[in-house]
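# Examination of the molecular architecture
One letter stands for each residue in the lines below.
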Amino acid sequence: MSQHLVITAVGSDRAGIGNQVIHLVSETGCNIIDSRIAIFGNEFTLIMLVSGNNAQIARVEHALPALGQEQDLITMMKRTSRHRETSQSFTLEAHIQSDDKVGLTEGITHFFAERNIGLDSLSARTLTKDRAQTEDDQFQISLTASLSDEYNLMELQEAFTALCERLGVSGTLNFLNNG
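Residues numbered from 1 in each chain as written. Predicted model: local features only at pLDDT ≥ 70, side-chain atom pairs only at ≥ 80, totals over all residues. Heavy atoms only, no water.

The next point concerns the sheet that holds strand E1 (residues 3–12). Here four strands make up an open sheet; going across it, the order is E2-E3-E1-E4 and the pairing antiparallel. This sheet does not close on itself; its edge strands, each paired only once, are strand E2 (31–40) and strand E4 (73–80). Taking each pair of neighbouring strands and ignoring which way they run, the sheet shows an average axis angle of 10°. Examined bridge by bridge, E2 and strand E3 (residues 43–52) share nine bridges and lie antiparallel to one another. The residue of E3 that forms the bridge with aspartate 34 is leucine 49. Across the sheet, helix H1 (residues 17–27) lies against E1, E2, E3 and E4, angled at about 15° from E3, the strand it touches most. In the packing of helix H2 (residues 54–71) onto the sheet, the strands contacted are E1, E3 and E4, and the crossing angle to E4 comes to about 165°. (Pairing = 2+ DSSP bridges. Helix = DSSP H or I, 4+ residues; strand = E, 2+ residues; numbered from the N terminus. Axes fitted to C-alpha atoms, helices over the stretch in contact; angles between N-to-C directions. Contact = heavy atoms within 4.5 Å.)

Moving on: H2. The periodicity of an α-helix, 3.6 residues per turn, causes residues three or four places apart in sequence to face the same way. Along its 18 residues, H2 runs 26 Å from first to last C-alpha, staying within 8% of the 26 Å computed at 1.5 Å per residue. Of all the bends found along H2, the most pronounced is centred on alanine 63 and spans about 30°, while proline 65, a proline, follows it within four residues. Residues Gln56, Ile57, Val60, Leu64, Leu67, Gly68 and Gln71 constitute the buried set of H2. Its buried side turned inward, H2 meets E1, H1, E3 and E4. (Expected span 1.5 Å × (residues − 1). Bend = angle between axes of the 7 residues up to and from the residue. Buried < 20%, exposed > 50% of the residue type's maximum accessible area, 1.4 Å probe, protein only.)

Inspection of the entire model under this criterion finds three aromatic pairs. Their ring planes at 90° and their centres at 4.9 Å tell us that phenylalanine 111 and phenylalanine 112 sit as a pair that is edge-to-face. Phenylalanine 112 gets classed as buried once you look at its relative accessible area, which sits at 0%. Here the aromatic rings of phenylalanine 112 and phenylalanine 160 are separated by 6.4 Å at their centres, their planes lie at 40°, and the arrangement is tilted. One end of the pair, phenylalanine 112, is in helix H3 (residues 104–113); the other, phenylalanine 160, is in helix H5 (residues 153–167), with 48 residues separating them in the sequence. Considered together, phenylalanine 112 and phenylalanine 160 belong to a single accessibility category, that of buried residues. Connected via pairs of aromatic rings, a cluster forms that spans Phe111, Phe112 and Phe160. (Phe/Tyr/Trp six-rings, centres within 6.5 Å; stacked < 30°, edge-to-face > 60°.)

What follows is the structure, given as structure tokens:
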């Protein structure tokens, strides 16, 4: 029976560091189901979902802490099960851009949380004014969520527009029909 393990690794960014973790996973015979790599400041971050039989997963659980110590990585692991896709009627895509302000990510995520909408993905970043070629640093958020047909999309759109006006940001909300 297939087992699943979530792996997280964080450490100083350098060429090949991601491959060290990926090689360990492959060497044990596990399969990488999903993964993300990002650089935050000067830190490399990796999160991945792997699968394998119980012995293969146990080998990763045993070997990863040693690799982390050897490569100066902070590592964490947690057994889990494969994500069960639910049949949702719509995919929501939101994009927000504004001058950078403290609290924007919390304001946006709170909007969805108070409506009991779980996020499938979120990417938020600040662009320096030099890079954005603007007077102020710029902030961007992109997120996705899955919605059942119980949501009134028109009301959600109106509430999102009001939120953007209240926060002083530019935002778009799109709904993709999954049917």
